Amino acid sequence: MNCLRNRKIVLTVFCLAFFLLIAAILTRGPAVSVLDKEQLRTYMLGRLSVTVPEFMQPQVEKFSYTWDSRTPNNESHYLGYPLSLSEQPYINAAHAEAEWSAAIEACRDKAFNMMFEWDVSNLFKIPAYFLCFKGDGATYQFYIIIQESQCLLHIVGRKSYRYPAQPEKDALTEEILQILTEFYKKYRQGHDIHRGNIFYTYYGEIIDVIFNTNERMSVQFSNTEKDLLWGINTSINFFGETENDLRNWMKRGGRPGFSRARMRDIPNFPGKGYETLEKNNNTSLYFLELDYAGLYLDTHIPSFHMFATKKPSVDMDIFLEMWEVILADIRPLQQENFRSTKL
């Protein structure tokens, strides 16, 4: 009898605890997000749409984009490529001309061996200056600095010369200059939503630009105190990596310092990415990284490397939730899978 009575007591206590738990869950309501009151802002960057909390502002001197020198079939090179474009925000737009002149002077200062230079404003219909100087090895840079309304635009083409040959003011230089001019004609400030082969820069967009094995974009954002950083790098070809390669990285990621390493879904992309969370014990900085291998040579789903860091002054919940908000909303801009080699 005592045994039966004890069983009834245990069962009653268990049932009461269970119902109290259910009641607590039902009456608690939804969890409050630490970012609920923060406004979000969406940017079109490269081939992606990226949404970040509004307190995260661009904190880089230049927004950089690069196109490789090879054709899409990897069989030949384009004259004047690899080509890069950088948008440099004005410190004070009212002094745009002075900043343009300062940028030209800075370019002269860093040039190892200046070959020639001249004003090309007549080609661009706005203030523009052309410089040619020696870069790495036998490669020379054909550098144009343009005074746009929202930013200084740097367009740089490169060409290698077989020693002892070097660039001169000749027909080949004129051809490279014409290629850079034609590239600029595809650039316009402001973002217009439309379909097709559009590459979005921070201040504008490039229409029908070629893409090939190494189209790249790199941008960074931080909060006002700069104790919280987020950034993303993209590429059409993520160094040939596949999701299986990322899984192999994961197997090697169990070294000291990593508090988390896992493969995880990315809502708007097929497959998984490789994510790591690491703390640097010397600096107390936290590092979050995610590598995603897109579809090879497919601009619809580019590969990307997404990263964030935080100082001890930033709450860990805010850090992790910001990461999840960005990851949940990042998506390809173009909703159809296509390839184009239109020049």
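Presented here is an overview of the structure given in this document. Not measured: the values here are computed from a predicted model.

1. Some words on helix α6 (residues 316-329)
Step number 1: In this model, α6 (14 residues) spans 20 Å end to end at C-alpha, consistent with the 20 Å of a helix rising 1.5 Å per residue.
Step number 2: N-cap assignment for α6: the residue whose side-chain oxygen lies 2.8 Å from the backbone N of Asp317 is Asp315.

2. Here's the deal with unusual backbone geometry
Step number 1: Residue Pro82 follows Tyr81 across a cis peptide bond; omega there is 5 degrees.
Step number 2: You can see Pro82 is positioned in the loop between β4 (63-67) and β5 (83-89).
Step number 3: Here the amide bond leading from Tyr163 into Pro164 is cis, since omega sits at 10 degrees, within 30 degrees of zero.
Step number 4: Its place among the elements puts Pro164 in the loop between β9 (151-160) and α4 (171-185).
Step number 5: Positive phi values are uncommon outside glycine, yet Ser284 reaches one of about 65 degrees.
Step number 6: Within the element layout of this structure, Ser284 appears in the loop between β16 (272-280) and β17 (285-292).
Step number 7: Classification of Ser284 as partly exposed rests on a relative accessible area of 29%.

3. With respect to the sheet that holds strand β19 (residues 331-332)
Step number 1: With antiparallel pairing, the three strands of this open sheet are ordered in space as β1-β2-β19. The sheet is open, and its two borders are formed by β1 (40-45) and β19, each paired with just one other strand.
Step number 2: Bridge analysis of β1 against strand β2 (residues 48-53) gives six bridges, and the strand direction is antiparallel. Bridged to Arg41 within β2 is Val52.

Definitions and cut-offs
- Residues numbered from 1 in each chain as written.
- Predicted model: local features only at pLDDT ≥ 70, side-chain atom pairs only at ≥ 80, totals over all residues.
- Heavy atoms only, no water.
- Helix = DSSP H or I, 4+ residues; strand = E, 2+ residues; numbered from the N terminus.
- Expected span 1.5 Å × (residues − 1).
- Polar contact = N/O pair within 3.5 Å; in protein donor to acceptor, adjacent residues only side chain to side chain.
- Buried < 20%, exposed > 50% of the residue type's maximum accessible area, 1.4 Å probe, protein only.
- Pairing = 2+ DSSP bridges.

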